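Below are the chains, spelled out letter by letter.
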Amino acid sequence: EAEVAQSPRYKITEKSQAVAFWCDPISGHATLYWYRQILGQGPELLVQFQDESVVDDSQLPKDRFSAERLKGVDSTLKIQPAELGDSAMYLCASSLGWFGTEAFFGQGTRLTVV
Amino acid sequence: DQQVKQNSPSLSVQEGRISILNCDYTNSMFDYFLWYKKYPAEGPTFLISISSIKDKNEDGRFTVFLNKSAKHLSLHIVPSQPGDSAVYFCAASGRAGGGADGLTFGKGTHLIIQP
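Residues numbered from 1 in each chain as written. Chains lettered and ligands numbered in written order. Predicted model: local features only at pLDDT ≥ 70, side-chain atom pairs only at ≥ 80, totals over all residues. Heavy atoms only, no water.

Undergrad: So, the side chain of Thr63(B): which residues are in play, and what are the values?
TA: All names here are of chain B. Following the sequence through the fold, Thr63 ends up in strand 7 (residues 62-67). Assessed through its relative accessible area of 10%, Thr63 is described here as buried. Once residues within four sequence positions are removed from consideration, Thr63 is found in contact with Ile48, Lys56, Asn57, Glu58, Ser74, Leu75 and His76. (Helix = DSSP H or I, 4+ residues; strand = E, 2+ residues; numbered from the N terminus. Buried < 20%, exposed > 50% of the residue type's maximum accessible area, 1.4 Å probe, protein only. Contact = heavy atoms within 4.5 Å.)

Undergrad: I'd love a proper account of the packing of aromatic side chains, names of residues and values included.
TA: Per the counting criterion, the structure on display carries eleven aromatic pairs over all chains. Relative to Phe105(A), the ring of Tyr35(A) has its centre 5.4 Å away and its plane inclined at 45°; by these criteria the two rings are tilted. On the criterion of sequence distance, the pair formed by Tyr35(A) in strand 4 (residues 31-37) and Phe105(A) in strand 10 (residues 104-105) is long-range, its members being 70 residues apart. Both residues of the pair, Tyr35(A) and Phe105(A), belong to the buried class. The interplanar angle of 75° and the centroid separation of 6.0 Å between the aromatic rings of Phe105(A) and Phe105(B) together place this pair among those described as edge-to-face. (Phe/Tyr/Trp six-rings, centres within 6.5 Å; stacked < 30°, edge-to-face > 60°.)

Undergrad: Before we move on, can you summarise the layout of surface pockets with the specific residues and values?
TA: Approximately 680 Å³ is the volume attributed to the largest pocket. What lines the largest pocket is a set of 28 residues, and nearest its centre among them are Leu45(A), Gln3(B), Leu103(B), Thr104(B) and Phe105(B). For the lining of the largest pocket, the secondary structure elements donating two or more residues are strand 5 (44-50) of chain A together with strand 10 (104-105) of chain B. (1 Å grid on protein atoms, 1.4 Å probe; cavity = no way out; pocket = protein on both sides within 12 Å on 5 of 7 lines; lining within 4 Å. Points joined across faces, edges and corners; volume = space filled by probe spheres on them.)

Undergrad: Help me get a handle on the interface of chain B and chain A, residues and values and all.
TA: Residue-level contacts link 23 residues of chain B with 23 residues of chain A. In this assembly, chain B packs against chain A so that about 1,800 Å² is buried in total across both faces, 60% of it on carbon and sulfur atoms. The largest per-residue losses of area from chain B upon contact with chain A belong to Tyr32(B), Asp101(B) and Phe105(B), which jointly make up 25% of the total buried on that side. Across the chain B-chain A interface, the total number found is zero salt bridges. Here chain B is connected to chain A by six residue pairs in polar contact (both at pLDDT 80 or more). The element contributing the most residues to the side of chain B that touches chain A is strand 4 (residues 32-38) of chain B, with four residues. (Buried area = accessible area lost by both parts, 1.4 Å probe. Salt bridge = Lys/Arg side-chain N within 4 Å of Asp/Glu carboxyl O. Polar contact = N/O pair within 3.5 Å; in protein donor to acceptor, adjacent residues only side chain to side chain.)

Undergrad: Explain the nonpolar core to me, and be specific about the residues and the numbers.
TA: Residues and elements named next belong to chain B. Residues Phe33, Trp35, Leu73, Leu75 and Tyr88 are the most contacted members of the largest nonpolar core, which totals 23 residues. At the level of secondary structure, the elements contributing two or more residues to this core comprise strand 3 (19-25), strand 4, strand 5 (45-51), strand 7, strand 8 (72-77), strand 9 (86-93) and strand 11 (109-114). Top contributing element to this core by residue count: strand 9, with four residues. Excluding residues within four positions of it along the chain, Leu75 makes contact with Ser19, Ile20, Leu21, Trp35, Leu47, Ile48, Phe62, Thr63 and Tyr88. (Core = buried A, V, L, I, M, F, W, Y, C linked by side-chain atoms within 4.5 Å.)

This is how it looks when you write it as structure tokens:
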């Protein structure tokens, strides 16, 4: 069964260090999303790509976060420098890109900033 | 300002009975609604969806009801099974400009199925 791949599963980093997460969406899925989930909350959208273009990054803290999907397939989310408040689950999801189709999520990367 | 609200943080139901999870939304631009199920340390798994042109959608033991006038939807699970114990997220999407259709999630309801 096709699935969204994310790595690493877990990451511990020190405050002010740089950290990066990788996502490989389901093959053929044009739309890719990055979400952040803080414990006890629902996932919150950080950025949405349609192929290689950013469609929505209104909630991305651009002073420290960046995201790219250079060839319209896999994607990288980077945080530099990491802050204690960035500790969360970072989830990648993909969809076919037509409105009304569901998004499929990866297993996520659990980030702990110490 | 929460646009999708799940007011019950947890719900306990006896195995075999009906589980009803509720969700309210405030944004009238939302026109596609989904339920996701999440186990600890895993990503959310899609369960069932409904578009705003319908008021009911059924898939096996899962049925979602949408009341647009009340801006309310509910997920019914019948009969409830032990494997249904998980956190359930209600999510909504609307066709914003430029193709942006990211989901807005509620905080989730932890469903516990008692044997």
